[in-house]
Amino acid sequence: MILSILTFQTPRTPPSFQPFADLCNERYAPYLSQPFSNFGPESWYSAVKPYHSGIFPFLAMDLMILYRGCTSNLFFGHDLLPYSSDENHPAQMDDSVMNQVNAIVSSISKGTSTMQFRGYGNRIDIGLNALSTLYMEILSSLTQVECGVLSYIRQLQFEKYQDPMETKTFGLQKLVAEKLNKSPVAVHKSLRSAKYNLLAETATAMKQLMA
């Protein structure tokens, strides 16, 4: 199983985790063997089913759009949990895994949103972590307006394709414009300023590296 860790760093009141839990239940439940569980201050973990690593960059995109302005750190560790864990027998982190998790959380740089990968092989880890640096830098710079547009785009993508890893926007920009009472041109400009095409291509590249 693949261990997923999420932590928030914020000097203000921490955001509610429930909106992200609801989003995961809607879009990612088929890929998770169990919901995210709290294990420390503003820290959660989940187990992802084998062969479903491809969801990670898209899950990170949805999280960063939802919690714009909040420093978020994600970690994905391959084969750190028992292979046989499932929703009827949730994975429990034993002392060995918990020690690794504590070391990972304590090593996270303060004040910077990050996404880290481990356990996919040295070269793949290097590639994934290099791409994730660029990816999280773009996601961290999104404005409130850009996140508003991207939030609707992601929702419409899922409603249309029933796949959280689908990034096509064809035919959806007009619907977003109507929803936000904006012109299609304004929506297109927001997607361009958010570097959405680069985000989508980077997410797909990371997915392919983990295939």
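The coordinates are above.
Each value, and the rule that gives it
Residues numbered from 1 in each chain as written. Predicted model: local features only at pLDDT ≥ 70, side-chain atom pairs only at ≥ 80, totals over all residues. Heavy atoms only, no water. Helix = DSSP H or I, 4+ residues; strand = E, 2+ residues; numbered from the N terminus. Rg over C-alpha atoms; globule rule 2.2 N^0.38 Å. Buried < 20%, exposed > 50% of the residue type's maximum accessible area, 1.4 Å probe, protein only. Contact = heavy atoms within 4.5 Å. Areas by Shrake-Rupley, 256 points an atom, 1.4 Å probe, with all protein chains shown as cover. Lys, Arg positive; Asp, Glu negative; His and termini not counted. Charge placed at Lys NZ, Arg CZ, Asp CG, Glu CD. Pairing = 2+ DSSP bridges. Axes fitted to C-alpha atoms, helices over the stretch in contact; angles between N-to-C directions. Salt bridge = Lys/Arg side-chain N within 4 Å of Asp/Glu carboxyl O. Expected span 1.5 Å × (residues − 1). Phe/Tyr/Trp six-rings, centres within 6.5 Å; stacked < 30°, edge-to-face > 60°.

Peer 1: Teacher, can you tell me more about the overall build of the protein chain here?
Peer 2: Helix and strand counts for the protein chain come out as 8 helices and 5 strands. Across the protein chain, helices and strands are ordered from the amino to the carboxyl terminus as β-α-β-β-α-β-α-β-α-α-α-α-α. Expected size for 211 residues packed as a compact globule is a radius of gyration near 17 Å; at 17 Å, the protein chain falls within 12% of this value. Across the 211 residues of the protein chain, 48% fall into the buried class. Across the protein chain, the fraction of contacts at a sequence separation of at least 24, relative to all contacts at a separation of at least 6, is 73%. Entry remark: accessible area of the protein chain is about 10600 Å², with carbon and sulfur atoms responsible for 53%. For the protein chain, the centre of its 17 positive side-chain charges and the centre of its 17 negative side-chain charges are spaced 11 Å apart.

Peer 1: Help me understand the environment of Leu139, please; the structure alone is not making it clear to me.
Peer 2: Structurally, Leu139 is set in helix 4 (residues 122-140). Using a relative accessible area of 2% as the deciding quantity, one classes Leu139 as buried. For Leu139 and Arg68, which are 71 residues apart along the polypeptide, the C-alpha to C-alpha distance reads 8.4 Å. Sequence-distant contacts of Leu139, that is, excluding residues within four places in its chain, are made with Ala60, Met61, Met64 and Leu199.

Peer 1: Before we go on, may I ask you to explain the sheet that holds strand 5 (residues 114-118) in this structure?
Peer 2: To summarise the sheet geometry, strands pair through backbone hydrogen bonds and adopt either a parallel or an antiparallel arrangement. Read from one edge of the open sheet, 5 strands run 2-3-1-4-5, paired in mixed fashion. Pairing within the sheet leaves two strands with one partner each, and these edge strands are strand 2 (37-40) and strand 5. Going from strand to strand, the sheet's axes swing by 25° on average, the running direction of each strand aside. Pairing of strand 4 (residues 71-78) with strand 5, which is carried by 5 bridges, proceeds in the parallel orientation. By the bridge assignment for strand 5, Phe75 is matched with Gln116. The strands that helix 4 touches are strand 4 and strand 5; relative to strand 5, the one it contacts most, it runs at about 170°.

Peer 1: Sorry if this is basic, but what is going on with the pattern of salt bridges here?
Peer 2: Where side chains of opposite charge bring their charged atoms close, a pairing between them can arise. Counting across every chain of the model gives 4 salt bridges. Notably, a salt bridge pairs Glu26 with Arg27, separated by 3.7 Å at the nearest N-O pair. Of the charged contacts, one joins Asp62 and Arg154 as a salt bridge, the two residues approaching to 2.7 Å between their closest N and O atoms. Here Asp62 is found in helix 2 (residues 56-66), whereas its partner Arg154 is found in helix 5 (residues 144-161), with 92 residues between them in sequence. Through salt bridges with shared partners, a single ionic network connects Glu26, Arg27, Asp62 and Arg154.

Peer 1: Just to check I follow, could you spell out helix 4 for this structure?
Peer 2: In this model helix 4 runs 26 Å from its N-terminal to its C-terminal C-alpha over 19 residues, within 8% of the 27 Å that 1.5 Å per residue would give. Along helix 4, the residues classified as buried are Asp125, Leu128, Ser132, Tyr135, Met136, Ile138 and Leu139.

Peer 1: What's the story with the packing of aromatic side chains in this structure? I'm lost.
Peer 2: Evaluation of the coordinates by the stated rule reveals 11 aromatic pairs. Ring centres 5.8 Å apart and planes at 70° place the aromatic pair Phe8 and Trp44 in the edge-to-face group. Remark: Trp44 occurs in strand 3 (residues 43-48) and Phe8 occurs in strand 1 (residues 2-9); sequence separation between them is 36 residues. Owing to a relative accessible area of 6%, Phe8 belongs among the buried residues under this scheme. On the accessibility criterion, Trp44 (10% relative accessible area) is buried.

Peer 1: For this particular structure, what's the right way to read unusual backbone geometry?
Peer 2: In terms of backbone geometry, most residues other than glycine have negative phi values and most peptide bonds are trans. The backbone of Tyr51 sits at a positive phi, close to 70°, despite the residue not being glycine. Among the secondary structure elements, Tyr51 is positioned in the loop between strand 3 and helix 2. Positioned with a positive phi, Asn181 is a non-glycine residue whose angle comes to about 60°. For Asn181, the location among the structural elements is in the loop between helix 6 (173-180) and helix 7 (184-193).

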